[in-house]
Each structure stands twice: as structure tokens, then as C-alpha cells.
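The residues making up each chain are set out below.
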Amino acid sequence: MIVVTTPTGDIGGQVLDRLLNSGEAVRVIARDSSRLPERVQAHAEVIEGSHSDAGTITKALEGAHSLFWLVPPAGPDNAETARHYYLQFAQAAGREAARHDVRVVGVTSLGHGYPGEGGLLSAALATDEVFENSGAPYRALALPFFMENLLRQAPAMDEQGTFSMANAAGRPLPIVATRDVAASAATLLMDTTWHGQARIPLVSPDDLTPDTMAEVISEVLGHTVHYHQVPLADFQAAMAQRGMSRTAVQDFASMVAAQNNGIYEAEPRGTASVTATGFRQWCKEVLKPAAQA
């Protein structure tokens, strides 16, 4: 039995599809079971509730051998710090996974060993410590910036020829496609032979800055797309205007500042960390259809 959290999320949904396609016995934790696709409702056991709740986790892990773990994004008006929010989810799960000897495959941030504050990224790294200290078998999929983060700007790329972030225009920004994350997670979840704890960095084969990403996007879309670097103060002001809490704004700003300061380079990675999907391929297969739609 494999337990999947965030089954309606981008990564969680892809992990779930792979497990169901492989014929695995799957149990999902969902706040609202009505949001689950019909296929999932028909072929997976559903535990309704939040995986931040100790009772829900205890029930979900009974008789399970693996757990896919991902903390869902907090609401924009959440006033808690990211660290407090993430740890709320992890405490009971770490304890129960250790008690049931359940293998945990977790989604976390690349950057272990970074000395500064990284907002959301530091919160994810703090979650790793909970599982590691629990003694549960644990594989941390350590990830950089998701290519899919660019999808929300696909209309602007197509119509206005631009996309913008607060990330430094000329600094390489390690990236990864979520489909590669899901593939690695599903493989580990179905493998009943591994033990102990380890980190698994996953990064695309590219070495691109936002400026050079714009060049690739321009070539794939067939028209010029420029990258605009937003000053961090303007980035914070825009988030506040959209109703985000002061704490959430600070956590996002700290994350971007850490990315610009090299948090993803703080953690060693080798050739085994290189994933299958390059940025140009992803732009052709995912970004271009989204922009044209």
C-alpha cells in the first residue's frame, strides 16, 4: 500500500497517475474527496482529511509501506511563518512513519547546508530534519526552481513578449520539470528494497539564466520574448497588494533572495542528479501549447 499526499496537486497528481498505471495499491489523503478524478475515486482508497492532522496520518499509514510526502502551499492570507506551517505537517508524519516503518519519499528544496535564511526553502529543509530525526526511512528529493512556475506567464509571453520575476537576470537558475520529479518519486515509492536516509538532488541538464531562458523561449515560440527582472522591493509590494500576509510576503522575498545568493549551489550534486527533460524540450512540449491556448 502506497500513501499519496496532495493527490490533486501538480506533482502529487502525476505521481498518483504513475502508481495507478503500474497497478499499485494506493491510498490518498484528500481534504475534499469530491475534487479527486473519477479514476482515483474508483481505484484508490481515500482518506478524507488533512495530512497535517495526526489522526489522519495515523489512519492513512496503517498497513502502508511507502508515503509520498509534499506540503501543500499555504493560503495567501496565512499569517504563520513558512517554517511553522511546514513543521505542523511534518511532526506527526515523522513520528508515525517511524513507528510503522514506512518509507517516506519527500519533496524538498535543494540547498542543504546553506547558511542563510531562505524563507519557503528553509522551511522545506527544516521538514527534512523532522523525518531524519524520527529515524524513518527517508529519501529527500531536493529540487530547484520548477519549470512549471513559468506557465502562469505563458499568456504574457505570447501576447506581450515578456515574462518577469525577481530572480537575477544574469545568474544561472537551476531548474527541473515536475514530470521528472514525479517519475523519480514513483520509482522510489514502488521500490521495497531501500533503507536508511539520503538526499537525491534532481536538476535539469541546463545551465541557464533567466536571460538565456528568454532566448530559448523566443526560439520555441517563434517571436522575441524578453526577461524583465523586478526589483525585490517591487516584488514584495505587488504580493502585498494581492492580499498576501506580511509574513508570507517576507517568506517569498527571503526565498528569492536566497536563490539570487546561490542557495541551490550550496548542496553538492553529481551526474546522477541530472534529469531527463531539458528546458528546450519542456518549452516545446509544455510551454508552447500553453501559450498558444
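This section reports on the structure supplied with the text. All values reported here derive from a predicted model rather than from experimental measurement.

Thresholds applied
Residues numbered from 1 in each chain as written. Predicted model: local features only at pLDDT ≥ 70, side-chain atom pairs only at ≥ 80, totals over all residues. Heavy atoms only, no water. Helix = DSSP H or I, 4+ residues; strand = E, 2+ residues; numbered from the N terminus. Expected span 1.5 Å × (residues − 1). Buried < 20%, exposed > 50% of the residue type's maximum accessible area, 1.4 Å probe, protein only. Contact = heavy atoms within 4.5 Å. Pairing = 2+ DSSP bridges. Axes fitted to C-alpha atoms, helices over the stretch in contact; angles between N-to-C directions. Polar contact = N/O pair within 3.5 Å; in protein donor to acceptor, adjacent residues only side chain to side chain. Parallel < 35°, antiparallel > 145°, perpendicular 65-115°, else oblique. Left-handed = near helix turned anticlockwise from the far one by under 90°. Nonpolar A, V, L, I, M, F, W, Y, C, P; charged D, E, K, R; others polar. Salt bridge = Lys/Arg side-chain N within 4 Å of Asp/Glu carboxyl O. Phe/Tyr/Trp six-rings, centres within 6.5 Å; stacked < 30°, edge-to-face > 60°.

## Things to note about helix 7 (residues 178-190)
Next up, step 1: Helix length check: helix 7, at 13 residues, gives a terminal C-alpha distance of 18 Å against a target of 18 Å (1.5 Å per residue), a fit within 8%.
Next up, step 2: For helix 7, the set of buried residues is Thr178, Asp180, Val181, Ala182, Ala185, Ala186, Leu188 and Leu189.

## A short note on unusual backbone geometry
Next up, step 1: Residues other than glycine seldom take positive phi values, yet Thr6 does so here, at roughly 45 degrees.
Next up, step 2: With respect to the helices and strands, the residue Thr6 is situated in the loop between strand 1 (2-4) and helix 1 (10-21).
Next up, step 3: Backbone geometry places Asp101, a non-glycine residue, at a positive phi of 55 degrees.
Next up, step 4: Its place among the elements puts Asp101 in the loop between helix 4 (82-100) and strand 5 (103-109).
Next up, step 5: For Asp101, a relative accessible area of 53% puts it in the exposed group.

## Here's the deal with the environment of Val181
Next up, step 1: Relative to the helices and strands, Val181 resides in helix 7.
Next up, step 2: Placed 58 residues apart in sequence, Val181 and Ala123 show a C-alpha to C-alpha distance of 19 Å.
Next up, step 3: Residues in contact with Val181, not counting those within four places in the same chain, are Ile11, Leu141, Leu143, Val176 and Leu202.

## Concerning the sheet that holds strand 3 (residues 45-48)
Next up, step 1: Taken in spatial order, the seven strands make up an open sheet running 3-2-1-4-5-6-10, and their pairing is parallel. Pairing within the sheet leaves two strands with one partner each, and these edge strands are strand 3 and strand 10 (197-201). Along the sheet, successive strands turn relative to each other by an average axial angle of 20 degrees, direction set aside.
Next up, step 2: Pairing of strand 1 with strand 4 (residues 66-69), which is carried by three bridges, proceeds in the parallel orientation. What sits directly across from Val4, in strand 4, is Phe68.

## Remarks on the environment of Asp10
Next up, step 1: As for its position among the elements, Asp10 is in helix 1.
Next up, step 2: Under the relative-accessibility criterion, Asp10 is labelled partly exposed at 44%.
Next up, step 3: A polar side-chain atom of Asp10 sits 3.0 Å from a polar atom in the side chain of Gln14.
Next up, step 4: Within the local environment of Asp10, its side chain forms a polar contact with the side chain of Thr178, the two groups lying 3.3 Å apart.

## Here we look at the packing of helix 4 against helix 5 (residues 120-134)
Next up, step 1: Interhelical geometry of helix 4 versus helix 5 gives an angle of 20 degrees and a closest axis separation of 8 Å. The orientation of helix 4 with respect to helix 5, classified from their angle, is roughly parallel. For the crossing formed where helix 4 meets helix 5, the hand is right-handed. Along the contact surface, helix 4 presents Ala82, Arg83, Tyr86, Leu87, Ala90, Gln91, Ala93, Gly94, Arg95 and Ala98, while helix 5 presents Leu120, Ser122, Ala123, Ala124, Ala126, Thr127, Val130, Phe131 and Ser134.
Next up, step 2: Looking at the contact of helix 4 with helix 5, its residues break down into twelve nonpolar, five polar and two charged.

## Remarks on the pattern of salt bridges
Next up, step 1: As enumerated under the stated definition, the model contains nine salt bridges in all.
Next up, step 2: A salt bridge links Glu96 to Arg95; the shortest N-O distance between them is 3.8 Å.
Next up, step 3: Since its relative accessible area comes to 7%, Glu96 is described here as buried.
Next up, step 4: The class for Arg95 is partly exposed, based on a relative accessible area of 46%.
Next up, step 5: When salt bridges with common partners are traced through the structure, they connect Arg95, Glu96 and Arg99 into a single cluster.

## Observations regarding the packing of aromatic side chains
Note on aromatic pairs: each is described by the distance of the centres and the angle between the planes.
Next up, step 1: Evaluated as defined, the whole model comprises six aromatic pairs.
Next up, step 2: Pairing Tyr85 with Phe89 gives two aromatic rings, centres 5.1 Å apart and planes at 65 degrees, and the pair type is edge-to-face. Residue Tyr85 and its partner Phe89 are located together in helix 4, separated by four residues, close to a single helical turn. Each member of the pair, Tyr85 as well as Phe89, carries the same accessibility label: buried.
Next up, step 3: Ring centres 5.0 Å apart and planes at 15 degrees place the aromatic pair Phe131 and Tyr138 in the stacked group.
Next up, step 4: Since its relative accessible area comes to 0%, Phe131 is described here as buried.

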